[in-house]
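Listed below are the residues making up each chain.
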Amino acid sequence: MSNLSAKYLHDEEAAHEFLEGVLWGSQTVCLHCGGVDKITKVKANPEKRIRVGLWRCGDCKRQFTVKVGTVFEASKVKLHIWLQAVVLMTQSKKGISAHQLHRTLGVTYKTAWFMEHRIREAMRSGDLAPFGAGGGVVEVDETFIGNDRTVKPKHTKKGRGYAHKHKVLSLVDRATGRARSMVVDDLKVKTLAPILRENIAAEAQLMTDEAAHYKAMGSDYASHDYVSHGAGEYGRGDIHTNTIEGYFSIFKRGMKGVYQHCGKKHLHRYVAEFEFRYNNRVMLGVDDHDRAKVALRGAKGKRLTYERADT
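Residues numbered from 1 in each chain as written. Predicted model: local features only at pLDDT ≥ 70, side-chain atom pairs only at ≥ 80, totals over all residues. Heavy atoms only, no water.

## Things to note about the packing of helix α7 (residues 242-259) against helix α8 (residues 264-279)
Contact pair α7 / α8: the axes reach a minimum separation of 11 Å and the direction vectors enclose 125°. Relative to α8, α7 is oriented oblique. Viewed along their axes, α7 and α8 form a crossing whose handedness is right-handed. Along the contact surface, α7 presents Thr243, Tyr247, Ile250, Phe251, Gly254, Met255 and Tyr259, while α8 presents Leu267, Tyr270, Val271, Glu273, Phe274, Glu275 and Tyr278. Taken together, the residues of the contact of α7 with α8 break down into 10 nonpolar, two polar and two charged. (Axes fitted to C-alpha atoms, helices over the stretch in contact; angles between N-to-C directions. Helix = DSSP H or I, 4+ residues; strand = E, 2+ residues; numbered from the N terminus. Parallel < 35°, antiparallel > 145°, perpendicular 65-115°, else oblique. Left-handed = near helix turned anticlockwise from the far one by under 90°. Contact = heavy atoms within 4.5 Å. Nonpolar A, V, L, I, M, F, W, Y, C, P; charged D, E, K, R; others polar.)

## Some remarks on the domain arrangement of the protein chain
According to the domain assignment, the protein chain consists of domain 1 (7-123) and domain 2 (137-280). Contacts between domain 1 and domain 2 engage 14 residues on the former and 13 residues on the latter. In total, about 1,300 Å² of surface goes out of reach between domain 1 and domain 2, with carbon and sulfur atoms giving 63% of it. Of all residues in domain 1, Lys94, Arg120 and Met123 give up the largest surface area on contact with domain 2, accounting jointly for 47% of the area buried on that side. Joining domain 1 to domain 2, the criterion identifies two salt bridges. Where Arg120 meets Glu273, a salt bridge forms, and the shortest distance between an N and an O atom there is 2.7 Å. Where domain 1 touches domain 2, the interface holds seven residue pairs in polar contact (both at pLDDT 80 or more). (Domains from an automatic or database assignment. Buried area = accessible area lost by both parts, 1.4 Å probe. Salt bridge = Lys/Arg side-chain N within 4 Å of Asp/Glu carboxyl O. Polar contact = N/O pair within 3.5 Å; in protein donor to acceptor, adjacent residues only side chain to side chain.)

The following block contains the structure:
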């Protein structure tokens, strides 16, 4: 059976029931006052403009739907269309462009673009637990993509090197198989050192390439080993950065082949999208259905207006 044949992806009432099950479980709670004892379902009636999925709280006398307090709130797009978008984005290994999404779902390009950014917001985990706890191995590396217009304005010659490119710093914990990425302004030690200290446990074993900025920070951890890519070295037993290079290969193929262009103001959300799929992949025991549910749970407590998404 197709992953897109489920009833909740085509029926609005079923879509609300599905999302209620994901976010509320078996207990319906008023999203305004927190009451649980006097919650009643309001029967939908299009003629009286009573929406599908509406609930009423007997304590505060207010109405609400499961979309309140999520990235879906105040959207005119039907919830079952939203769920289709979530499924498509979470199951596409290298992403799906807004143009493709608008053609597939039958919404405007502007709507599809905004939907994707809201879903990316749901994908952002906010996990701050340090990598490498208990002495595990953490690979650290950076990659470069696009053109930073603050360094090289439009219509100016790009030049060689990476100074004019956006810089993405990533970590991969070998023990858990999870990645964490962030956009950085530069690769100076004073910029990177606080980020690494905040995200990597002091007892961790650091694995990097031969870049000087990593050598300067190696003493902050239990050990630091590196490979010399410039000399053609890519591994000495367990000493390598091949895991994080594999992560970057998926990220860059998606950014170049699917999304193609991305400004710095939006890059952090694209980074979160690829990080989410990597951290919820089949190898870690998360199938396509479960991955979509993880994204939906992340939609709770997050709002993103169009004005904020475009800044």
